[in-house]
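Close look at the chain arrangement
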Amino acid sequence: MSLEPEAFREVMGRLAGGVTVVTALGGDGRPRGFTATAVCSVSLVPPLVLVCVGADAATPGAIREAGRYALNFLGSEDTATADRFAGSKGTKFEGVEWVAAPGGSPLLPGGLAWVECTVENEVEAGDHTIFIGRVAAAAIESAQEPPLVHFGGRYHTVASLDQ
Ligand SMILES: Cc1cc2nc3c(=O)[nH]c(=O)nc-3n(C[C@H](O)[C@H](O)[C@H](O)COP(=O)(O)O)c2cc1C
């Protein structure tokens, strides 16, 4: 069975995903980042995460140069940040007051939580590269704000089904 990329994208769009901005400090000292939903927790001991990055993206170069990256988990108020970092402009960080994680990776203001990791392994997979990262530091910044979720090509947040 052959599946057109657009049809595959549409089907995978029915899998709701938390929205993350993946950041790294380039070798030139400039911050880079992009919006991603292909982010996942891999292992608890040791703590490992992964992100799948498209071959055409600019950020993989910065991840390789830094040997580390950060995951910034966005909240429901952060759709503008998600859109900004999904663009291709080199000015994504203009006016953004980011701070450095312990290893130097850029952390965005206003996120729910962040994780910084060192690159443990890089796996080529089709038109993406999977960067497996060993977590070096992580923190929750806002335990109350609901998350930003991407589903069916649009942004949403979550509703609890608990009684
Ligand atoms: C909701 C959403 C989720 C995305 N998820 C991913 C992803 O998981 N991996 C990826 O490589 N690109 C993903 N993208 C596309 C990138 O954000 C986009 O290609 C970006 O321009 C890459 O930036 P860069 O070239 O500066 O690295 C996503 C975009 C949106 C809007």
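Above this text you will find the structure in question.
Residues numbered from 1 in each chain as written. Predicted model: local features only at pLDDT ≥ 70, side-chain atom pairs only at ≥ 80, totals over all residues. Heavy atoms only, no water.

Here the focus is the packing of aromatic side chains. Both the distance between ring centres and the angle between the ring planes are used here to describe each pair of aromatic rings. All chains considered together, the criterion is met by two aromatic pairs. When the ring of Phe-85 is compared with that of Phe-93, the centres are 5.0 Å apart and the planes differ by 80 degrees; the resulting orientation is edge-to-face. Geometrically, the ring pair formed by Phe-93 and Trp-98 is edge-to-face, given 6.4 Å between the ring centres and 75 degrees between the ring planes. We classify Trp-98 as partly exposed; its relative accessible area is 29%. Grouping aromatic residues by their ring pairs yields a cluster made of Phe-85, Phe-93 and Trp-98. (Phe/Tyr/Trp six-rings, centres within 6.5 Å; stacked < 30°, edge-to-face > 60°. Buried < 20%, exposed > 50% of the residue type's maximum accessible area, 1.4 Å probe, protein only.)

Take the site of the ligand next. Contacts to the ligand come from 19 residues, most closely from Thr-35, Gly-54, Ala-58, Thr-59 and Lys-92. Contacts to the ligand include Cys-52, whose backbone N or O atom sits 2.9 Å from a nitrogen atom. A distance of 2.7 Å separates an oxygen atom of the ligand from a polar atom in the backbone of Gly-54. Isolated, the ligand exposes 650 Å² of accessible area, and the fraction of that covered by the protein chains is 76%. The dominant element in the shell around the ligand, judged by the number of residues it contributes, is strand 3 (residues 31-36), at four residues. For the shell around the ligand, the per-class residue count stands at ten nonpolar, eight polar and one charged. (Near = heavy atom within 4 Å. Polar contact = N/O pair within 3.5 Å; in protein donor to acceptor, adjacent residues only side chain to side chain. Areas by Shrake-Rupley, 256 points an atom, 1.4 Å probe, with all protein chains shown as cover. Helix = DSSP H or I, 4+ residues; strand = E, 2+ residues; numbered from the N terminus. Nonpolar A, V, L, I, M, F, W, Y, C, P; charged D, E, K, R; others polar.)

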